[in-house]
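Inside the fold
One-letter residues, chain by chain:
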Amino acid sequence: MGNEVGILSFGAYIPRLRLQRKAIAAANSWFNPGLRGLAKGERAMANWDEDAVTMAVEAARDCLAGFDHRAVASLYLASTTHPFDDRQNASIAAGALHLRPALRSLDAGGSLRVATSTLVTALAAAAGTEGPTLLAAGDHRLAKAASPQEMHYGDGAAALLIGSGRPIAQLVGAHSETVDFVPQFRAHGRAHDYAWEERWIRDEGYMKIVPRTIGALLKATGTEASAVSAFCLPCTLSRVVPGIGKRVGIVDGAVRDNLATVCGDTGAAHPLVMLVQALEDAKPGDLILVAAFDSGCDALLFRVTDAITALPARRGVKGSLARRKEEAIYQRYLAFNDLVALERGMRAEADKGTPLSLLYRNRDMITSLIGGRCRTCGTLQYPRGRYCVNPQCNALDSQDDQSFADRPASVMSYTADLLTYCPDPPAYYGMIQFDGGGRMMIDFTDVDEGKVDVGTPMRMMFRIKDVDAARGFVRYYWKAAPVTSA
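This text gives an overview of the structure that appears in the document. Only a predicted model underlies this, so the values are computations on that prediction, with no experimental measurement involved.

A short note on the overall build of the protein chain
Counting secondary structure elements, the protein chain contains 12 helices and 22 strands. Out of the 486 residues in the protein chain, the part that is buried amounts to 53%. Long-range pairs, those at least 24 residues apart, make up 73% of the contacts in the protein chain with a sequence separation of at least 6. Approximately 21200 Å² of the protein chain is accessible, and the part contributed by carbon and sulfur atoms is 52%. Positive and negative charge centroids in the protein chain, built from 54 and 53 side chains respectively, lie 1 Å apart.

Some details on the packing of helix H6 (residues 198-221) against helix H7 (residues 240-248)
Two numbers describe how H6 lies on H7: the axes approach to 10 Å, and their chain directions differ by 40 degrees. It follows from the interaxial angle that H6 and H7 lie oblique. By crossing handedness, the relation of H6 to H7 is classed as right-handed. Along the contact surface, H6 presents Arg202, Tyr206, Met207, Val210, Pro211 and Ile214, while H7 presents Val240, Gly243, Ile244, Arg247 and Val248.

Side note on the nonpolar core
Counting 55 residues, the largest nonpolar core has Leu134, Ile432, Met440, Phe444 and Met460 as the members making the most contacts within it. For Met440, the residues in contact, after removing those within four places along its chain, are Leu369, Tyr382, Gly430, Met431, Ile432, Phe434, Met460 and Tyr477. Ile7, Val114, Leu160 and Val304 belong to the second-largest nonpolar core, a separate cluster that totals 45 residues.

With respect to the side chain of Asp417
Tracing the chain through its elements places Asp417 in strand S18 (residues 409-417). Looking at Asp417, its side chain comes within polar contact range of the main-chain nitrogen of Leu419, at 2.7 Å. A distance of 2.6 Å separates a polar atom in the side chain of Asp417 from a polar atom in the side chain of Thr420. Sequence-distant contacts of Asp417, defined by excluding residues within four places in its chain, comprise Pro426, Ala427 and Tyr429.

A short note on a nonpolar patch on the surface
Side chains of Val182, Phe185, Tyr194, Trp196 and Trp200 sit close together on the surface and give an oily, nonpolar patch of about 550 Å² of accessible area. Of the residues examined, Trp200 reaches a relative accessible area of 42% and is grouped as partly exposed.

A short note on the pairing of strand S22 (residues 473-482)
Extensive coverage of S22 is indicated by the burial of 9 of its 10 residues. Looking at chain direction, strand S21 (residues 457-468) and S22 are connected through 10 bridges and run antiparallel. Each residue of the ladder has a partner; that of Ile464, found in S22, is Tyr476. What sits between the antiparallel neighbours S21 and S22 is a turn of 4 residues, in which Gly472 has the positive phi angle 80 degrees.

Some details on unusual backbone geometry
Of note, the amide linkage connecting Tyr382 to Pro383 takes the cis form, showing an omega dihedral of 0 degrees. For the bond from Pro425 to Pro426, the omega torsion is 0 degrees, close enough to zero to count as cis. By the secondary structure assignment, Pro426 is in the loop between S18 and strand S19 (427-434). For Ala146, which is not glycine, the phi torsion reads 70 degrees and is therefore positive. On the secondary structure map, Ala146 appears in the loop between strand S6 (133-139) and helix H5 (148-152).

Notes on helix H8 (residues 270-281)
Here H8 contains 12 residues, and its C-alpha end-to-end distance of 17 Å stays within 8% of the 16 Å for a straight helix at 1.5 Å per residue. Across the 12 residues that make up H8, a large majority, 10, are buried. Along H8, the residues classified as buried are His270, Pro271, Leu272, Val273, Met274, Leu275, Val276, Gln277, Ala278 and Leu279.

Focus on the state of the cysteines
Following the criterion strictly, the structure yields 0 disulfides and no others. Summary of cysteine pairing: Cys232 is not part of a disulfide, and the nearest cysteine sulfur, belonging to Cys297, is at 13 Å. Cys393 forms no disulfide, and the closest cysteine sulfur to it belongs to Cys377, at a distance of 3.7 Å. Residue classification places Cys393 among the partly exposed positions, given a relative accessible area of 22%.

Basis of the calculations
Residues numbered from 1 in each chain as written. Predicted model: local features only at pLDDT ≥ 70, side-chain atom pairs only at ≥ 80, totals over all residues. Heavy atoms only, no water. Helix = DSSP H or I, 4+ residues; strand = E, 2+ residues; numbered from the N terminus. Buried < 20%, exposed > 50% of the residue type's maximum accessible area, 1.4 Å probe, protein only. Contact = heavy atoms within 4.5 Å. Areas by Shrake-Rupley, 256 points an atom, 1.4 Å probe, with all protein chains shown as cover. Lys, Arg positive; Asp, Glu negative; His and termini not counted. Charge placed at Lys NZ, Arg CZ, Asp CG, Glu CD. Axes fitted to C-alpha atoms, helices over the stretch in contact; angles between N-to-C directions. Parallel < 35°, antiparallel > 145°, perpendicular 65-115°, else oblique. Left-handed = near helix turned anticlockwise from the far one by under 90°. Core = buried A, V, L, I, M, F, W, Y, C linked by side-chain atoms within 4.5 Å. Polar contact = N/O pair within 3.5 Å; in protein donor to acceptor, adjacent residues only side chain to side chain. Patch = residues over 30% accessible without salt bridge, like charges linked within 9 Å, V, L, I, M, F, W, Y side chains within 5 Å. Salt bridge = Lys/Arg side-chain N within 4 Å of Asp/Glu carboxyl O. Pairing = 2+ DSSP bridges. Expected span 1.5 Å × (residues − 1). Disulfide = S-S within 2.5 Å.

Here it is in structure tokens:
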């Protein structure tokens, strides 16, 4: 295979917490009895310290496993729930991934098909760029209590690396239609989506616009619908996707499960989540059709190449789904997402203003988790300092950059603190020792009671440190998670 253009790698991230839908129904069916019919399975639930950016970073880390981070030339972050309106969210992710400064970056939003639209753009531009493009998509959508959306939604992210080389999948063709058909919307300044009547969305939206778009793509590429191996289309309405498949001639066995019972619909990320799962099961020569519906439709057809067999194993969707913890406390979901006014106590009232100049000067240490390695003796240390911490060395200005983000670690000491304020008490934190040297005091996350101890293997994860509620600023940092839950 020559220097061809396509998808070089994939990754995914789904939070480990799985809110049981029966817990939602038990809390709200007194008001909306119809929720009992939606109470099967579970939905992915972000921890209190996760959002669209942190999930996209984890998906991107998974995608870049085995690839040179510094070779990435462009980064697109697609979401309908970017934490910031006037701060580039992609630049936060770029720092966490320690991408090169000479990087094109872009926030993409405004539609549930923003990830597929950006994917089309990235593939079209890939041949003329000097390095691969990383597309990460994540969504953390909120829904009103007792609404069907609360049942249908899930949190998650996916990422694709696009460029020239040995692609695992190549684009056969793409077709898009833009139609101002509004199945749901979220106005500026509103926290929740407003959805229209389901039958109208099904009959006038999905069943007319999507088949027309797919039909145009198949005709343009000279592809028989029966040749499609996998058909990925997010949709929360039952029987719609099989109906579309039948209408355009796709065989029933090619229609992919939309992960409704085990994850929920992850919004803008979901077309890529389903694509990643399809690639995990794909064989060379398979044709994968992925579509997204919202204000029109995008449809993309990929052919899987022989390179899929050589791609190193990664967590992907399957690994993320296997990493799960059942959450049966509906009140915890409400509290994590500020959907209920919880008395958090006086310890939560500290002013959390962030000196932006200090954040900038220490961005490598804070956002990228960069420490130092002594050129004289090889000692690793975090944070990086002018003097080597090895008492037998103490060399001056001998530190080279050393990333600790992907370095395995283990617990040296820890505490579970019920006095320190934490949205999910107790607050776990402690000293960790990195393999090969270097140690740091750090917050822990995704800890199950009684499941962490001295010696527990830990993995670093990019998370929300805290939120300055008075100014709306989100502070990010790294935390340590037990490997069993990471």
